[in-house]
Amino acid sequence: MLKKLSLLTTILLLSALLVACGNAVDGKKGNNSSSESDVIEIVWYPNESGEDMKSSRDEIGALIEEKTGKKVEHHLTTDYAIAIETLVNNNAALAFMGPIGYIEAKEGNEAIEPLVVPSGPSGTLDDAIYYSWLSVNIDEQDDFKENGEFSLDTIAGKKMSFVSNSSTSGFVVPSSTIVDYFSEQEEYADLTADNLMEGGPFFEQVLFGNSHQGSAVNLLQNKVDVAAFCDTCVESYVDIVEGEPNEIGTVYKVKDNATEPFNTVQGEEFILMNSTPVLNSPFVANTDVLGEEDFEKLQELFTSDEVANNEKIFVPEDAEESALFYKSADEKFIAVEDEWFNPIRELSK
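Residues numbered from 1 in each chain as written. Predicted model: local features only at pLDDT ≥ 70, side-chain atom pairs only at ≥ 80, totals over all residues. Heavy atoms only, no water.

Chemist: For this particular structure, what's the right way to read the sheet that holds strand β8 (residues 159-162)?
Modeler: Sheet strands line up and pair through hydrogen bonds in the backbone, either parallel or antiparallel. Overall, mixed pairing links the 7 strands, which are arranged β9-β8-β10-β5-β13-β12-β11 in an open sheet. What marks the edges here is a single partner per strand, and that holds for β9 (205-208) and β11 (238-242). Taking the axes of each pair of neighbouring strands and ignoring which way they run, one obtains an average angle of 35° across the sheet. Two elements, β11 and strand β12 (residues 251-254), share 4 bridges in a ladder whose sense is antiparallel. Following the sheet pairing, Glu-242 is matched in β12 by Val-251. (Pairing = 2+ DSSP bridges. Helix = DSSP H or I, 4+ residues; strand = E, 2+ residues; numbered from the N terminus. Axes fitted to C-alpha atoms, helices over the stretch in contact; angles between N-to-C directions.)

Chemist: Just to check I follow, could you spell out the packing of aromatic side chains for this structure?
Modeler: Within a pair of aromatic rings, the relevant descriptors are the distance that separates the centres and the angle that separates the planes. For the structure shown, the criterion picks out 28 aromatic pairs. Seen in terms of ring centroids, Phe-202 and Phe-203 are 4.8 Å apart; in terms of plane orientation they differ by 90°. Their pairing is edge-to-face. The pair formed by Phe-202 and Phe-203 is uniform in burial state, with each residue classed as buried. Here the aromatic rings of Phe-325 and Phe-333 are separated by 5.2 Å at their centres, their planes lie at 90°, and the arrangement is edge-to-face. The pair formed by Phe-325 and Phe-333 is uniform in burial state, with each residue classed as buried. (Phe/Tyr/Trp six-rings, centres within 6.5 Å; stacked < 30°, edge-to-face > 60°. Buried < 20%, exposed > 50% of the residue type's maximum accessible area, 1.4 Å probe, protein only.)

Chemist: I would appreciate a short explanation of the pairing of strand β13 (residues 269-279) in the present structure.
Modeler: On a regular strand, each side chain points to the face opposite its neighbour's, so the side chains alternate between the two faces of the sheet. Among the 11 residues of β13, 10 are classified as buried, and the element is accordingly described as predominantly covered. Pairing between strand β5 (residues 129-137) and β13: 9 bridges, direction antiparallel. For Leu-134, the partnering residue across the bridge sits in β13 and is Asn-274. Sheet topology places β12 next to β13; 3 bridges connect them, and they run antiparallel. Pairing of Tyr-252 across the sheet is with Phe-270, part of β13.

Chemist: Can you walk me through the side chain of Lys-327 in this structure?
Modeler: Residue placement: Lys-327 occurs in strand β16 (residues 325-327). Nearest to the buried, unbridged Lys-327 among oppositely charged side chains is Glu-331, at 5.1 Å. Here Ala-308 takes part through its backbone oxygen, which lies 3.0 Å from a polar atom of the side chain of Lys-327. Setting aside chain neighbours within four positions, we find Lys-327 in contact with Ala-308, Asn-309, Phe-314, Val-315, Pro-316 and Glu-317. (Lys, Arg positive; Asp, Glu negative; His and termini not counted. Salt bridge = Lys/Arg side-chain N within 4 Å of Asp/Glu carboxyl O. Polar contact = N/O pair within 3.5 Å; in protein donor to acceptor, adjacent residues only side chain to side chain. Contact = heavy atoms within 4.5 Å.)

What follows is the structure, encoded as structure tokens:
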């Protein structure tokens, strides 16, 4: 528990120190040339490629077309690496990806820059976070407790599901939590994140869901004992039946009308054994492909009241529709600089 709190505190403190940087935009993006293409291609992670997110994708595309006068084409993927490489190799202008995906893309191509991130409920970067969960099936919760409390000590030797090794909340944050905790024990003094990627060194078996939804379904179909996934990627499929959002011990139940891939596990329940805050995910641009002029146009568009109040993009929290983003208070998009992601960058080293 002390290590988990240390990680949580590190992320939040470093994030707070960088908020001021995140609100400024220096205007020196890309190669200062306009894109020659009349098409803006957007690549989407597997988490956002589902049919249930189509209305949000289409609305964002329509607004971009209206703002730039260019056609938008959407590229849906089933693999994190494909999405990242598409952007890095100049085959897309825009992407919505987790902080680690952005950091990896930036390392591969300096022209890649953050465009905006969704704010927190306050409408600022102060609470611009989501949560990385470690979850277990409700009927097996006692197997993961010591003296009545959830303990990370119980996960050694179990079957584990992550999302992708390029997933911030589906691998980097939970693996950092696990390594930080266990590396103080003599048996696991040399444990690394790489040791957690396959069965043998620490876990009995390791699966990758290729999306947060896929990792959750791995758990609910009893393919694994523990699964890592985030709150925002599954919130439209589940309801809380006991506890408070994102708190250890909170029980979630898959909705009876949940769509794919949760249609096979409707009514199943899971419980949180660990929950860690993560910096919100950005829309990012390859500025060599997009061009400075369109970068500035899109930053103006995304941060506008028009988008903040668009219910096809920021769906009201109590709405039945699924969407990329939910609005519980004053959520909106905010421009940020690369430095804002340094807390996650430090975790990945």
